[in-house]
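Chain residues, written in single-letter form:
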Amino acid sequence: MSANSVSRLCPPYHKHLHLQTRNPSEVSKVMAFQDDKPYLGVTRPITTAESNPREKEVTVTLMEELRRQKTFESEQECRTREIVLGKVAALVKKFVYQVSIARGLSEATANAAGGKIFTFGSYRLGVHGPGTDIDTLCVVPKHVSREDFFDVFEGMLKEMEGVTEVSGVPDAYVPVIGAKIMGIPLDFTMARLALSTIPDDLSLKDDNLLRNLDERCVRSLNGSRVTDEILRLVPNVEVFRDSLRCIKLWAQRRAIYSNVSGFLGGVAWAMLVARICQLYPNVAAGAIVSRFFIIMHQWSWPEPVLLKQIEDGPLPVRVWNPKLYPGDRSHRMPIITPAYPSMCATHNVTASTQMIMTEEFKKASEVVERVIVGTAEWSELFKKHDFFHKYRYYLMVLASAANADLQCKWSGTVESKLRQLVMKLEYVESLVIAHPFIKGFDQEVLCLTDEEFRAVAEGEIPPATLKRKKEDCEGIEGRMVYTTAFYIGLAVEPKQPGQQGPRKLDISYPTNEFVKMVKTWDKYDPATMGVVVLNIRRSSLPDDVFDPGEKQKPILKRPIQKGTGKTDKESPDLPNKRRK
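Residues numbered from 1 in each chain as written. Predicted model: local features only at pLDDT ≥ 70, side-chain atom pairs only at ≥ 80, totals over all residues. Heavy atoms only, no water.

- The chain goes by Poly(A) polymerase in an unreviewed UniProt entry, where it is assigned to Thelephora terrestris.
- In the Sequence similarities (unreviewed entry) part of its UniProt record, the chain is described as follows: "Belongs to the poly(A) polymerase family."
- The chain has a UniProt comment under Catalytic activity (unreviewed entry) that states "RNA(n) + ATP = RNA(n)-3'-adenine ribonucleotide + diphosphate". (UniProt positions renumbered as here; feature names shortened; annotations may be inferred.)

Below, the structure written as structure tokens:
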């Protein structure tokens, strides 16, 4: 497919931004018409033909490979999820009841106040796999506040049998509480409706439910409303699900599946796949995957990806519109949610992450082309990323705390701000890419002295300390330090022909500003929490970032020379020293 062909799928902004006032009675009509033939999407399909025999054949082998890759959960885990959701539904009702009583409501009124959960994301879409979290929206009546959610509900979760790793991040773009229940991870969001009671038969389709809500509640509700709308906007749900399973696995293996890190999250990947399904409504999953990579590699960003025309409504809520809002114009890869009010699901994408994803689309399209012609296997598409082998220099952002519960909150706060550091680094002269890794690496270290405690918090863990086990120190007084390390790969511009002398890469300003910013968290306590930014060479990366056997001979980081902040034999173009 040529670039011109792809550009025809991206109508100009003025066509996209023609806001249609939606008649509630027409909410279920999602089909557009051309020449009296219905179709889904903002443009007509590229083709309505069915897959050829070869595309059907590679679809069979794709599904076989997805099963080999264990992307489908077992029946036992499926049953466990249902049990967990039943327990959570009961807990939300109990939470609303307790808050209602605390507000002075009568017993009868408190019991009638209700409370309901809605799942969204991969679980609701039907593409979850083993260990996948369940995105869960808790809908509560108007007298229950967000503060109650983080103070009361989070506490109730911690006391619930079978619950571990409870961690609330109230300052996130969409405030969330993460937890594990019976081994199943869940992410809880909350929406407070302008209703006195939440009935068991409540549906979220009605736009009027958004009346008198703050932006955070609207964003929380949008998760569930968007998921349901996506399923209504694809021509064949089973083909969509099979295709999305493939794209999700590929994105996870290539380490580009993370909204918080500046890549795409689950809903954005789902909308991209849904758009390709609209353009090829009658082909098999193997063909959808092939077209996906070709079209996404050539897409004319920042033209938005839309599943339906953006709709206006009667409510005073913000709808994505780059003509009105400068912030919307800054979105590099806008993928717009189909439920009112339309929002950009990819506002976190930076210049670096866009370049990384574009390159991955290109590589994947070449692999799938070889699969189609029979010179490659699907397994090649799912090869693991090479992030920790790719760059000469890395930044390690180390968040530490004195207890496990505190560390969950603190590391989550630091992670939510990493995108800001990446964006600041992108302005550094001679730095081509600041590539964030999509997850952190946790460690628990037992320290016997104050010196060890300080060293661990600063990222300088002596080998003997790292190997120490609790059982070996019974009866010996010590302190635990909980750390989470996040990594950013740095691609430095190569020397130009004829360029003389060493290059300087000064990253002191962005790293200092980042540390100052995260320390403004209202719950930050310098006595129990720490954050430090360290430069680290590829040869000195710690063992825990590699799979077993991936790195045979670990090399310890060279010691810091006292008083200089520099490592021995430091390269002149090594990123500037650590920032605390």
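### Side note on the overall build of the chain
At step 1: A count of helices and strands for the chain gives 18 helices and 14 strands.
At step 2: Taking all 580 residues of the chain together, the buried fraction comes to 52%.
At step 3: For the chain, long-range pairs separated by at least 24 residues make up 73% of all intrachain contacts whose partners lie at least 6 apart in sequence.
At step 4: Of the accessible surface of the chain, which amounts to about 26900 Å², a share of 51% is contributed by carbon and sulfur atoms. (Helix = DSSP H or I, 4+ residues; strand = E, 2+ residues; numbered from the N terminus. Buried < 20%, exposed > 50% of the residue type's maximum accessible area, 1.4 Å probe, protein only. Contact = heavy atoms within 4.5 Å. Areas by Shrake-Rupley, 256 points an atom, 1.4 Å probe, with all protein chains shown as cover.)

### Re the UniProt feature "binding site: Mg(2+) 1" (unreviewed entry) in the chain
At step 1: Here, the residues flagged by UniProt with the feature "binding site: Mg(2+) 1" (unreviewed entry) are Asp 133 and Asp 135.
At step 2: Looking at the secondary structure, you find Asp 133 in the loop between helix 6 (121–125) and strand 5 (134–140).
At step 3: A relative accessible area of 26% places Asp 133 in the partly exposed class.
At step 4: By the secondary structure assignment, Asp 135 is in strand 5.

### A word on the pattern of salt bridges
At step 1: Per the counting criterion, the structure on display carries 27 salt bridges.
At step 2: Ionic pairing is found between Arg 54 and Glu 57, a salt bridge with its closest N-O pair at 2.9 Å. Separated by three residues within a single helix, Arg 54 and Glu 57 lie in helix 3 (residues 53–68), roughly one turn from each other.
At step 3: Three or more residues are tied together by salt bridges with common partners; here these are Glu 229, Arg 232, Lys 308 and Glu 311. (Salt bridge = Lys/Arg side-chain N within 4 Å of Asp/Glu carboxyl O.)

### Observations regarding the pairing of strand 5
At step 1: Counting buried residues along strand 5, seven of its seven residues qualify, which places the element largely inside the surrounding structure.
At step 2: Burial along strand 5 is two-sided: Ile 134, Thr 136, Cys 138 and Val 140 and Asp 135, Leu 137 and Val 139, pointing in opposite directions, are all buried.
At step 3: As judged from the five bridges shared by strand 4 (residues 116–120) and strand 5, these two strands associate in the antiparallel manner. Bridging from a neighbouring strand, Ile 117 pairs with Cys 138 of strand 5.
At step 4: In terms of strand pairing, strand 5 meets strand 8 (residues 184–192) through seven bridges, oriented parallel. (Pairing = 2+ DSSP bridges.)

### A look at the packing of aromatic side chains
At step 1: This structure, assessed with the given rule, holds 26 aromatic pairs.
At step 2: Relative to Tyr 391, the ring of Phe 387 lies with its centre 6.0 Å away and its plane at 70°, an arrangement referred to as edge-to-face.
At step 3: Relative accessible area serves as the criterion here: at 2%, Phe 387 is assigned to the buried category.
At step 4: The exposure class of Tyr 391 is buried, given its relative accessible area of 6%.
At step 5: Cluster of aromatic residues (ring-pair linked, three or more members): Phe 387, Phe 388, Tyr 391, Tyr 394, Phe 437, Phe 441, Tyr 487 and Phe 546.
At step 6: One cation-aromatic arrangement involves Arg 479 over Phe 453; the distance from NZ or CZ to the ring centre is 3.7 Å. (Phe/Tyr/Trp six-rings, centres within 6.5 Å; stacked < 30°, edge-to-face > 60°. Lys NZ or Arg CZ within 6 Å of the ring centre and 35° of its normal.)

### Here's the deal with the sheet that holds strand 6 (residues 163–169)
At step 1: Ordered in space as 4-5-8-7-6, the five strands form an open sheet in which the pairing is mixed. For this open sheet the edge positions go to strand 4 and strand 6, each flanked by a neighbour on one side alone. Within the sheet, the average angular offset between the axes of one strand and its neighbour, ignoring direction, is 25°.
At step 2: On the sheet, helix 4 (residues 75–102) packs against strand 4, strand 5, strand 7 (176–181) and strand 8 and is oriented at approximately 35° with respect to strand 8. (Axes fitted to C-alpha atoms, helices over the stretch in contact; angles between N-to-C directions.)

### Re the packing of helix 4 against helix 7 (residues 146–159)
The description of two helices packed together rests on the angle between their axes and the distance between the axes.
At step 1: Relative to each other, helix 4 and helix 7 sit at 130°, their axes nearing to 10 Å. Taken together, the axes of helix 4 and helix 7 are oblique relative to one another. Relative to helix 7, the crossing made by helix 4 is right-handed. Residues Leu 91, Val 92, Lys 94, Phe 95, Gln 98 and Val 99 of helix 4 form the contact with helix 7, whose own contacting residues are Asp 148, Phe 149, Val 152, Phe 153, Met 156 and Leu 157.
At step 2: Looking at the contact of helix 4 with helix 7, its residues break down into nine nonpolar, one polar and two charged. (Parallel < 35°, antiparallel > 145°, perpendicular 65-115°, else oblique. Left-handed = near helix turned anticlockwise from the far one by under 90°. Nonpolar A, V, L, I, M, F, W, Y, C, P; charged D, E, K, R; others polar.)

### What to know about the side chain of Thr 483
At step 1: Relative to the helices and strands, Thr 483 is located in strand 13 (residues 479–492).
At step 2: For Thr 483, the contacting residues outside a window of four places in its chain are Leu 398, Ala 399, Ser 400, Gln 407, Phe 441, Asp 442, Gln 443 and Val 456.

### Observations concerning unusual backbone geometry
Leaving glycine out, the prevailing phi sign among residues is negative, and the prevailing peptide bond configuration is trans.
At step 1: Between Trp 301 and Pro 302 the backbone carries a cis peptide bond, its omega angle lying at 10°.
At step 2: Along the chain, Pro 302 turns up in the loop between helix 11 (285–298) and strand 9 (311–312).
At step 3: Following Tyr 340, the chain continues to Pro 341 via a peptide bond in cis, the omega torsion being 0°.
At step 4: Relative to the assigned elements, Pro 341 resides in the loop between helix 12 (326–329) and helix 13 (351–373).
At step 5: For Glu 165, which is not glycine, the phi dihedral falls at a positive 55°.
At step 6: Topologically, Glu 165 is positioned in strand 6.

### So, helix 3
At step 1: Compared with the 22 Å implied by 1.5 Å per residue over 16 residues, the 23 Å span of helix 3 between its first and last C-alpha is a close match.
At step 2: Considered for burial, the residues of helix 3 that qualify are Glu 55, Val 58, Thr 59, Leu 62, Met 63, Glu 65 and Leu 66. What you see down the axis of helix 3 is that its buried residues fit within an arc of 160°, all on one side. Facing away from the buried side of helix 3 by over 90 degrees, the exposed positions are Pro 53, Arg 67 and Arg 68.
At step 3: Along its buried surface, helix 3 packs onto helix 9 (237–253), helix 11 and helix 13. (Expected span 1.5 Å × (residues − 1). Arc of directions from axis to C-beta.)

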